[in-house]
Amino acid sequence: MNLKTALKPSRRSTSMLAAVACVAALSAANMTSAPTAQAQSRDSGVLPTVVLVHGAFGDASIWNDVIARLHDDGYPVVAPANPLRGLASDSDYLESFLKSVKGPVVLVGHSYGGTVISDAAAGNPEVKALVYIASFIPEEGESFSEVGSRFPGATLASAVDAVPFPLPGGGTGTDLYVQKDKFHDAFAADVPESVTNLMAAAQRPLAASALDDKATETAWKTIPSWDLVTTEDKAIAPDEQRFMAARAHAHTIEVKSSHAVLISHPGAVTNLIRQAARTTVR
């Protein structure tokens with residue numbers, strides 16, 4: 001046999017090579033044109049959009065670790081800024097923002113953010129679940145400070161400074177900031193101080209008047225609710241959280257955590273959001 005004959009491929013080997021090439025081409029086409037299962041779910045609207053609302057003394061970045069986990073699951077997520085100027089204006093702002101979100105929504109609130117989502121979600125048929133994280137869940141006519149006065153144990157109020165600011169229509173308002181040297185112990189005792197030092201420096205204040213604003217809507221009476229109670233919380237007393245969760249008939253879990261559970265236990269927070277989201281999948 002000469003070299004030319006030895007190198008000439010057989011009919012059988014040629015057929016096998018053609019088949020392999022065909023499979024490879026189809027695989028490449030699928031990789032470039034076929035969406036992933038997560039993308040298909042998003043495109044078809046099966047997965048709800050998770051809207052995360054922060055509370056006082058933080059900003060939307062407090063949700064970062066939760067957002068990363070939800071993104072890994074394929075959920076679309078948005079975390080709008082909560083103005084922290086007052087319940088009526090904050091809830092109006094969120095209500096308006098929710099109109100820009102297409103399809104079903106799981107609405108999540110942390111701390112004072114729970115007050116805002118309870119109001120903003122009322123009458124919105126796309127909000128399929130409410131999730132409260134170390135949060136306030138008001139009844140109509142209740143204020144944050146009024147309910148808090150019934151349940152001892154929270155010490156955050158003694159760690160804040162009042163800073164005046166000019167009101168747009170004249171007069172002076174008051175902003176509340178957590179004192180930087182007390183931020184760790186009062187707000188996030190189970191978070192490393194290297195992190196809480198940054199949080200304290202970048203905190204967003206709450207207008208003091210918001211603490212006395214009375215709730216006018218109670219979306220939790222018509223929308224299924226979930227609640228995460230933080231048992232080491234110094235901002236909202238654990239017994240206060242339990243009382244409000246029971247009153248709202250929320251699916252409730254408890255986590256041994258400070259008020260900053262989104263940072264210290266993002267997995268537990270994400271798991272509760274997943275539970276709520278599964279009930280909305282069509």
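Conventions we followed
Residue numbers restart at each chain and count upward from 1, following the sequence in its written direction. With pLDDT at 70 or above as the cut-off, local features in this predicted model cover only qualifying residues; side-chain atom pairs require 80 or more to be listed or tallied, and sums for whole chains, interfaces and linings still use all residues. The basis for every side-chain value is the complete set of non-hydrogen atoms in the structure, without hydrogens or water. Each residue is assigned to one of three classes by its accessible area relative to the maximum for its type, calculated with a 1.4 Å probe on protein chains only: buried under 20%, partly exposed between the two thresholds, exposed over 50%. Numbering of helices and strands starts at the N terminus; helices are DSSP runs of H or I of at least 4 residues and strands are runs of E of at least 2. DSSP-based pairing: two strands are paired if at least 2 bridges between them are found. The crossover handedness rule: strands pointing away from the viewer, path from first strand over the helix to second strand clockwise, crossover right-handed. Salt bridge, as used here, is a side-chain nitrogen of Lys or Arg placed within 4 Å of a carboxyl oxygen of Asp or Glu. A contact between two residues is defined here by any heavy atoms of the two lying within 4.5 Å. Only the stretch in contact is used when a helix axis is fitted, and all axes are lines through C-alpha atoms; the angle between N-to-C directions ranges over 0 to 180 degrees. A pocket, in this scheme, is an open set of points on a 1 Å grid over the protein atoms alone with protein on both sides within 12 Å along at least 5 of 7 lines, while a cavity is a set where a 1.4 Å probe fits but cannot get out; residues line either one if an atom lies within 4 Å of a point. Grid points are joined across faces, edges and corners, and a volume is the space filled by probe spheres set on the points. Residues are sorted three ways: Asp, Glu, Lys and Arg are charged, Ala, Val, Leu, Ile, Met, Phe, Trp, Tyr, Cys and Pro are nonpolar, and all the rest, Gly among them, are polar. A pair of Phe, Tyr and Trp rings is counted when the ring centres sit within 6.5 Å of each other, with Trp represented by its six-membered ring. The angle between the planes then sorts it: under 30 degrees is stacked, over 60 is edge-to-face, the rest tilted. Each ring is checked for a lysine NZ or an arginine CZ that lies within 6 Å of its centre and within 35 degrees of its normal; such an atom marks a charge sitting over the ring.

Draft legend 1. Local environment of the pairing of strand β1 (residues 49-53). Among the 5 residues that make up β1, 5 are buried, leaving the element largely enclosed by the rest of the structure. Inspection of the sheet shows β1 paired to strand β3 (residues 105-110) by 5 bridges, in the parallel sense. When the bridges of β3 are listed, Val50 appears paired with Val106. Two strands pair when backbone bridges link them, and β1 and strand β2 (residues 77-78) are joined in this way by 2 bridges, in the parallel orientation. Residue pairing across strands places Val51 opposite Val78, the latter belonging to β2. Where the polypeptide runs from β1 across helix α4 (residues 64-73) and back to β2, its parallel neighbour, the crossover connection is right-handed.

Draft legend 2. How the structure looks around the pattern of salt bridges. Under the defined criterion, the tally for this structure stands at 9 salt bridges. With a closest N to O distance of 2.9 Å, Glu139 and Lys221 form a salt bridge. Taken together, the residues span a long stretch of sequence, with Glu139 in the loop between β4 (127-133) and α7 (144-148) and Lys221 in the loop between β7 (206-207) and β8 (225-230) at a distance of 82 residues. Its relative accessible area of 49% is what places Lys221 among the partly exposed residues. The closest approach of N and O atoms between Arg242 and Asp239, which form a salt bridge, is 2.8 Å. Taken as a pair, Arg242 and Asp239 lie in helix α10 (residues 238-247) at a separation of 3 residues, close to a single helical turn. Classification of Arg242 as partly exposed rests on a relative accessible area of 31%. On the basis of relative accessible area, Asp239 is assigned to the partly exposed category, the value being 49%.

Draft legend 3. Region of the structure containing the sheet that holds β8. With parallel pairing, the 6 strands of this open sheet are ordered in space as β2-β1-β3-β4-β8-β9. Pairing within the sheet leaves two strands with one partner each, and these edge strands are β2 and β9 (251-255). Strands in contact with α10 are β8 and β9; relative to β8, the strand with the most contacts, it is inclined by about 165°.

Draft legend 4. Region of interest: the layout of surface pockets. For the largest pocket, the calculated volume is near 400 Å³. Of the residues forming the lining of the largest pocket, the biggest block, 3 residues, is contributed by α7. Of the residues in the lining of the largest pocket, the class split is 14 nonpolar, 6 polar and 1 charged. Counted as a void, the second largest pocket has a volume near 260 Å³.

Draft legend 5. Structural view of the packing of aromatic side chains. This model, assessed by the stated rule, comprises 4 aromatic pairs. Relative to Phe187, the ring of Phe57 lies with its centre 6.4 Å away and its plane at 90°, an arrangement referred to as edge-to-face. Pair noted here: Phe57 is in the loop between β1 and α4 and Phe187 is in helix α8 (residues 183-187), with a separation of 130 residues, a long-range link. On the basis of relative accessibility, which here comes to 2%, the residue Phe187 falls in the buried class. A centroid spacing of 5.0 Å and a plane angle of 50° characterise the contact between Phe136 and Phe144, whose relative ring orientation is tilted. For the pair Phe136 and Phe144, one class covers both residues: buried. Among the aromatic side chains, those forming a connected cluster through ring pairs are Phe57, Phe183 and Phe187. Seen from the ring of Phe165, Arg85 lies directly overhead, with NZ or CZ sitting 5.2 Å from the centre.

Purely spatial values, then, with no claim about function.
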